[in-house]
Every structure is written in structure tokens, then in C-alpha cells.
Amino acid sequence: MNGLRLIRRHAAAFVRFAGLGSGVTLAASAALVLLSQWIPWMAANVLTTIASTVAATELHARVSFGHGRPGLAGHLKSAATMAVGWLVTSAAVGALAALRPGAGLVLQQTVYLSATALVGIGRYLVLRLSVFAERAPRPRTGGVRLRAAYDAAA
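Residues numbered from 1 in each chain as written. Predicted model: local features only at pLDDT ≥ 70, side-chain atom pairs only at ≥ 80, totals over all residues. Heavy atoms only, no water.

Overview of the overall build of the protein chain
The helix and strand tally for the protein chain stands at five helices and zero strands. Listing every helix and strand of the protein chain by position from the N terminus yields α-α-α-α-α. Looking at the protein chain as a whole, 23% of its 154 residues qualify as buried. Residue pairs at least 24 apart in sequence account for 60% of intrachain contacts in the protein chain once pairs closer than 6 positions are excluded. (Helix = DSSP H or I, 4+ residues; strand = E, 2+ residues; numbered from the N terminus. Buried < 20%, exposed > 50% of the residue type's maximum accessible area, 1.4 Å probe, protein only. Contact = heavy atoms within 4.5 Å.)

Right under this line is the structure:
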């Protein structure tokens, strides 16, 4: 595959990844607001985080990367990238609070959104290159005939 087609394919996958991730995040935010009306905010946050991570993993595997169902291992690896992302964004906001205790809302959101964007790029790379990596096409070997020959020899 030539370089330009490869770049376009990966760019399209990244756009799908960003769009789906943003959509799931917005839906989770709305669900969090609704759930927090009936249960404590922390419990609502845990539930929406788990649900949105599962939904995003399914969507990214199937739509962003064309990988098919992610399976338990894919879900766990994706959840690990979400946990690392949470740590990074929390550290960024915590560092801002330590360095500039009186930072205003605009600066806080700038730091948070910048960290989130970097985390998103990192998540895309990890998911694309490791968790949902493209599989090399398998050569057609006539598996049925090979199995029959093996069985006949046994």
C-alpha cells in the first residue's frame, strides 16, 4: 500500500476514533447528570465511567479500527488505557493547582482539555498499534485438506 493511502486510512481511523470518543463522552456526561439525581454523584460517576468505557471499546474496535468484537482482553486493555489517561489528566490538573493555586476556570479547563487531547492521541496509538492492531492476512492453506491428511496419517 502506498504511503498516501496509508496516511489517509490512519487519518480516517483517527477521525472516527475522536468522533466516537467525543460522542460517548457527551452521552456519559448527560447520563452522569441524570443518574446523580437519584444516586450519589460518586456512584453515578463510577457507573457511567464503566458503561462509557465498555461502549467506547466496542465502538472503537468495530468502527474506528474495523477489528470486530474486542473480547474480554480487548476490554481490559482498553480500560487500562482509560485508567492511565485518568491518572495523567488528574496529575495535570493537580500540578496546576500546586503551581498556580488561584488559577481561574479558563486556565483549569485549558490544562484539562490539553491533557485530555494528549491522552486521546496516546490512547489512539496504543489501541491502534497494540490492542486492535491490524492482523496480517492468513495464507490460504487448504486447512480442511491438511486436517484430513493429518487425521489419515494418525
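Let us keep going from here.
A word on helix α2 (residues 41–64)
Taken together, the buried positions of α2 are occupied by Ala44, Thr48, Ser52, Thr53, Ala56, Thr57, Glu58, His60, Ala61 and Ser64. On its buried face, α2 is in contact with α1 (3–35), α3 (71–99) and α4 (105–131). At the C-terminal side of α2, Gly66 shows a positive phi close to 60°.

Digging into the packing of aromatic side chains
Note on aromatic pairs: each is described by the distance of the centres and the angle between the planes. For the structure shown, the criterion picks out six aromatic pairs. Look at Phe17 and Tyr124: their rings are 5.4 Å apart centre to centre, the planes differ by 70°, and that puts the pair in the edge-to-face class. Taken together, the residues Phe17 in helix α1 and Tyr124 in helix α4 connect sequence positions 107 residues apart. According to the relative accessible area criterion, Tyr124 is buried, its value standing at 7%. Taking 5.7 Å as the distance between ring centres and 40° as the angle between the ring planes, the aromatic pair formed by Phe65 and Tyr124 counts as tilted. With a gap of 59 residues between them, Phe65 in the loop between α2 and α3 and Tyr124 in helix α4 connect regions that are remote in the sequence. Each member of the aromatic cluster is reached from another via a ring pair, and the members are Phe14, Phe17, Phe65, Tyr124 and Phe132. (Phe/Tyr/Trp six-rings, centres within 6.5 Å; stacked < 30°, edge-to-face > 60°.)

Here we look at the pattern of salt bridges
For the coordinates displayed, the defined rule picks out two salt bridges. Between Glu58 and Arg62 there is a salt bridge, with the nearest N and O atoms lying 3.1 Å from each other. Linking Glu58 with Arg62, this pair stays in helix α2, spanning four residues, or about one helical turn. By relative accessible area, Glu58 is classed as buried at 16%. (Salt bridge = Lys/Arg side-chain N within 4 Å of Asp/Glu carboxyl O.)

Side note on the side chain of Ser78
Along the chain, the position of Ser78 falls in helix α3. On the basis of relative accessibility, which here comes to 1%, the residue Ser78 falls in the buried class.

Describing a nonpolar patch on the surface
A grouping of Phe14, Leu118, Ile121, Leu125 and Leu129 is seen on the molecular surface, where their side chains present a nonpolar patch of about 500 Å² in accessible area. Along the chain, Phe14 turns up in helix α1. When its relative accessible area of 32% is taken as the criterion, Phe14 is described as partly exposed. (Patch = residues over 30% accessible without salt bridge, like charges linked within 9 Å, V, L, I, M, F, W, Y side chains within 5 Å. Areas by Shrake-Rupley, 256 points an atom, 1.4 Å probe, with all protein chains shown as cover.)

Some thoughts on the nonpolar core
One finds Ala13, Phe17, Ala61, Phe65, Tyr124, Leu127, Val131 and Phe132 forming the largest nonpolar core, which totals eight residues. Only α1 and α4 provide two or more residues apiece to this core. Among the elements that line this core, the one with the most residues is α4, at three residues. When residues no more than four places from it in sequence are discounted, the contact partners of Ala13 are Ser64 and Tyr124. (Core = buried A, V, L, I, M, F, W, Y, C linked by side-chain atoms within 4.5 Å.)

Notes on the packing of α1 against α4
Remark: α1 packs on α4, axes separated minimally by 11 Å, with the N-to-C direction vectors making an angle of 120°. With respect to each other, α1 and α4 are oriented oblique. At the point where α1 passes α4, the crossing takes the right-handed sense. Counted together, Arg9, His10, Ala13, Phe14 and Phe17 of α1 and Gly120, Ile121, Arg123, Tyr124, Leu127 and Arg128 of α4 form the full contact between these two elements. Residues that form the contact of α1 with α4 fall into these classes: six nonpolar, two polar and three charged. (Axes fitted to C-alpha atoms, helices over the stretch in contact; angles between N-to-C directions. Parallel < 35°, antiparallel > 145°, perpendicular 65-115°, else oblique. Left-handed = near helix turned anticlockwise from the far one by under 90°. Nonpolar A, V, L, I, M, F, W, Y, C, P; charged D, E, K, R; others polar.)

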